[in-house]
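Listed below are the residues making up each chain.
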Amino acid sequence: MSKTVLMCPPTFFDVREAKNPYMGQSIDRKQAQQQWDNLRRSLEDSGIKVELINPAKDLEDMVFAANQVFIGQARNGEKFIVPSHMRYPSRHQEVAFYVDWFRGRGYKVIELELGQEYLEGHGDLLWHPDRSRIWAAYGFRSTRGGVEKFSAAMARMGFPVTPLELVDAYCYHLDTCLSPLNNDAALIYPGAFSTPSLAAIHGGFSRIHELTRDEAVQFMGNGIVVNGRFLTPRLNQHLSQILAKEDLTPIVVDTSEFEKAGGSAFCMKAFLD
């Protein structure tokens, strides 16, 4: 059961560069701050401790705390991170701030020789809920080569990795189209995946709940599962029925300003445990 997350205040949040199909609208910073504050309160109300990393000037995407590193715990209990190599140069500097934050708290840093490959943290790398294995996507941000190098490092630690190919540019990160609800059930947008990848997901969960594309591009698959709740930017009857089947209580948190940058609730936090 998760207890702690890391978040970054949206002090310098903005849309300056079109990195995905959602980007192009201007940001209301006051509203963005209010939405971020509400997400933080919703996490705390759900029994989660929120830790903060200081935002850095001119790093407008640093608020999306899921992307800069992959966080894990080895079989022997040692906590570790794998730093990302972000596809867009404007995001490269974010990684060092996060690595320093984790290193200062005793996390082992596993540096991969990624070269020209890319790897984008928990945007594309998702733990199975029981932490037995990892789902890893490539296609738009992370590359297949980056996932292969990550998989080799995780295999040495005893964690199998299932690669998944993304094929819809609006689902450029895995966290937009796959949300494990528990060990047995997942919320997915099937059109985001290649046929073999979709088969792999069906092989990993006994219950698959499908979103429509319209629901996916409204970030309804980018929710946060935490302590019996599902924090989501939107709720309709379809999603309500799915969550009821999995004994999850929906909590609606408006993330409309952050969606202008292509992110929602899941993107703005990183689980620390």
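Residues numbered from 1 in each chain as written. Predicted model: local features only at pLDDT ≥ 70, side-chain atom pairs only at ≥ 80, totals over all residues. Heavy atoms only, no water.

## Regarding empty space enclosed by the protein
Short version of the rule: Grid spacing is 1 Å over the protein atoms alone, the probe is 1.4 Å, and a cavity is where that probe fits but cannot get out, while a pocket is an open set with protein on both sides within 12 Å along at least five of seven lines and lining residues have an atom within 4 Å of a point. Grid points are joined across faces, edges and corners, and a volume is the space filled by probe spheres set on the points. Any residue outside Ala, Val, Leu, Ile, Met, Phe, Trp, Tyr, Cys, Pro, Asp, Glu, Lys and Arg is labelled polar, Gly included; the first ten of those are nonpolar and the last four are charged.
Summed over all chains, the structure comprises 2 cavities of 30 Å³ or more. Here the largest cavity defines a volume of roughly 100 Å³. Lining the largest cavity are 14 residues; nearest its centre among them are Phe 64, Asn 67, Arg 91, Tyr 172 and Ala 261. Counted by class, the lining of the largest cavity contains 5 nonpolar, 5 polar and 4 charged residues. Approximately 30 Å³ is the volume attributed to the second largest cavity. The wall of the second largest cavity is formed by Cys 8, Pro 9, Pro 10, Thr 11, Phe 12, Phe 13, Pro 55, Leu 59, Glu 60, Met 62 and Val 63.

## Remarks on the sheet that holds strand S5 (residues 108-109)
For clarity, the threshold we go by: For two strands to count as paired, DSSP must find a minimum of two bridges between them. Where helices and strands are cited, they refer to DSSP runs of H or I of at least four residues and of E of at least two residues respectively, numbered from the N terminus.
Reading across from one edge, S3-S4-S5 is the order of the 3 strands in this open sheet, with mixed pairing throughout. Of all the strands in the sheet, just strand S3 (69-73) and S5 have a single pairing partner and so form its edges. With 5 bridges joining them, S3 and strand S4 (residues 79-83) adopt antiparallel strand pairing. Each bridged residue has a counterpart across the sheet, and for Gly 72 the counterpart in S4 is Phe 80.

## A word on the packing of aromatic side chains
The following threshold applies: What counts as a ring pair is set by centres within 6.5 Å for rings of Phe, Tyr and Trp (its six-membered ring), and what kind of pair is set by the plane angle: stacked under 30 degrees, edge-to-face over 60, tilted for all other angles. The rule is simple: take the accessible area with a 1.4 Å probe, protein chains only, and divide by the maximum for that residue type; under 20% is buried, over 50% is exposed, in between is partly exposed.
On inspection of all chains with the given rule, the structure shows 12 aromatic pairs. Judged by centre distance (5.0 Å) and plane angle (80 degrees), the ring pair of Phe 70 and Phe 150 falls under edge-to-face. In this pair, Phe 70 is assigned in strand S3 and Phe 150 in helix H4 (residues 144-156), connecting sequence segments 80 residues apart. Phe 150 matches Phe 70 in its accessibility class, with the two residues each being buried. Clustering of aromatic rings is evident, with ring pairs tying together Phe 70, Phe 80, Trp 127, Phe 150 and Phe 159.

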